[in-house]
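Topology and contacts: notes
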Amino acid sequence: NADDRNAGRRAGDGVQFGGRYSPWLGAQIEAGREFEVTIESFSGKAEGSFGAKEIGGDEVSGSVFQAVLAGNGEVEVTSAPEITAQGVTTDDMIELVTGVAFPLPPGGDSSAQSWPHHLTTPVASGMEGKVVYDGTASFAGDTTWNGIPARVIVSEGSWKLTGTGMPEGAPAEVELVLEGTSTTSYLWDPARGVLLAMDATSEGDGDVSTMGFTMPMVTTSVGTAELVE
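The shown structure was predicted, so the numbers you read here are calculated from the model rather than taken from an experiment. (Residues numbered from 1 in each chain as written. Predicted model: local features only at pLDDT ≥ 70, side-chain atom pairs only at ≥ 80, totals over all residues. Heavy atoms only, no water.)

The helix and strand inventory of the protein stands at one helix and 12 strands. Listing the helices and strands of the protein from first to last along the sequence gives β-β-β-β-β-β-α-β-β-β-β-β-β. Across the 229 residues that make up the protein, the buried fraction comes to 46%. Sequence separation of 24 or more characterises 55% of the internal contacts of the protein that already satisfy a separation of 6 or more. (Helix = DSSP H or I, 4+ residues; strand = E, 2+ residues; numbered from the N terminus. Buried < 20%, exposed > 50% of the residue type's maximum accessible area, 1.4 Å probe, protein only. Contact = heavy atoms within 4.5 Å.)

Set out below in structure tokens:
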């Protein structure tokens, strides 16, 4: 099981959420490494331009997502349930699931100094669009986590969000264009091939347009996740 408090990149001013999930690594296939994530629990609070709301609930518990992690760090979600919980969509949970994946070098080459890390995820909060991350990952030494030897992987890069739709509480259709930078540190257990912990920060700005008006928008996020033994 793992405990995730990742405040992801969202179409809003700030989102904080907590949950528990069980990751499972499967077979190595031609497209990459299969993995599965079962959401044990999920709840949180979103605060933005259109007010605050509670998100999650019991309806999310037991949701199973299947995905493939390619050698270049790309994540393809191959199976996802329909989520209808309070303030949470399937795309919201896909964002959480892709955060569990971490950017090993192509082919698992542990001697690589740095390598490209690209990730594309759908825009959450019930909007249509995508978030494209383009960065570089690198090994940044060794450490221990709860007594477990670990390698540190750091990914730094830029992201761009483009989306349109009707977020809950919005009076009309909204169009978003946001850009920013993020840094994520991963602690990887090479002996078992699992993610032990991650720590992410992100900031950006852009414009939100609705009803003929365009307004500037600033977004920040901080997130952590760690394995629960």
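Following the criterion strictly, the structure yields one salt bridge and no others. One salt bridge connects R151 with D142, and the closest N-O pair in it is separated by 3.5 Å. Look at D142 and you get exposed, because its relative accessible area is 60%. (Salt bridge = Lys/Arg side-chain N within 4 Å of Asp/Glu carboxyl O.)

By size, the foremost hydrophobic cluster in this structure holds 27 residues, and its most contacted members are F35, I39, F65, M93, L161 and L176. Where this core is concerned, the elements lending two or more residues are β3 (32-48), β5 (63-69), α1 (90-100), β8 (127-145), β9 (148-165) and β10 (174-189). The element that contributes the greatest number of residues to this core is β3, accounting for four residues. A112, F139, L195 and A225 belong to the second-largest nonpolar core, a separate cluster that totals 11 residues. (Core = buried A, V, L, I, M, F, W, Y, C linked by side-chain atoms within 4.5 Å.)

The grouping of E179, E203, D205 and D207 at the surface amounts to a negative patch. If you tally residues by element for the negative patch, the top one is strand β11 (residues 194-210), at three residues. Within the secondary structure, D205 sits in strand β11. (Patch = residues over 30% accessible without salt bridge, like charges linked within 9 Å, V, L, I, M, F, W, Y side chains within 5 Å. Areas by Shrake-Rupley, 256 points an atom, 1.4 Å probe, with all protein chains shown as cover. Lys, Arg positive; Asp, Glu negative; His and termini not counted. Charge placed at Lys NZ, Arg CZ, Asp CG, Glu CD.)

Our focus in this paragraph is the side chain of H117. By secondary structure assignment, the location of H117 is in strand β7 (residues 114-122). Judged by relative accessible area, H117 falls into the buried class, the value being 6%. Of the polar contacts made by the side chain of H117, one reaches the side chain of S155; its length is 2.7 Å. (Polar contact = N/O pair within 3.5 Å; in protein donor to acceptor, adjacent residues only side chain to side chain.)

With the rule as written, the count across this model stands at one aromatic pair. The ring of F139 has R151 lying over it, and the distance from NZ or CZ to the ring centre is 3.9 Å. (Phe/Tyr/Trp six-rings, centres within 6.5 Å; stacked < 30°, edge-to-face > 60°. Lys NZ or Arg CZ within 6 Å of the ring centre and 35° of its normal.)

As for its placement among the helices and strands, L187 is situated in strand β10. Put simply, L187 and P149 are 38 residues apart on the chain and 9.2 Å apart in space, counted from C-alpha to C-alpha.

With respect to the helices and strands, E175 occurs in strand β10. Remark: the alpha-carbon pair of E175 and T210, spanning 35 residues in sequence, is separated by 6.5 Å.

Here the protein averages 77 in pLDDT, and 71% of its residues register 70 or above. β9 holds the highest mean pLDDT among the elements of the protein, 94, whereas strand β1 (residues 2-6) holds the lowest, 41. Low pLDDT, under 50, characterises residues 1-13; the stretch is placed with 68 contacts to residues that sit more than four places away or in other chains. (pLDDT = per-residue confidence, 0-100.)

Here the focus is unusual backbone geometry. Residues other than glycine predominantly adopt negative phi, and peptide bonds predominantly adopt the trans conformation. The backbone of N146 sits at a positive phi, close to 50°, despite the residue not being glycine. Looking at where N146 falls in the secondary structure, it is placed in the loop between β8 and β9. Residue class for N146 comes out exposed when judged on its relative accessible area of 65%. In the Ramachandran plot, M211 falls in the positive-phi region, its phi being about 55° despite a non-glycine side chain. Positionally, M211 belongs in the loop between β11 and β12 (213-227).

Of the strand pairs in this sheet, β8 and β9 are connected by 17 bridges, and their pairing is antiparallel. The residue of β9 that forms the bridge with M127 is G165. Where β8 hands over to β9, the hairpin turn is made up of two residues, of which N146 adopts a positive phi near 50°. Sheet topology places β9 next to β10; 15 bridges connect them, and they run antiparallel. Residue pairing across strands places T164 opposite E175, the latter belonging to β10. (Pairing = 2+ DSSP bridges.)

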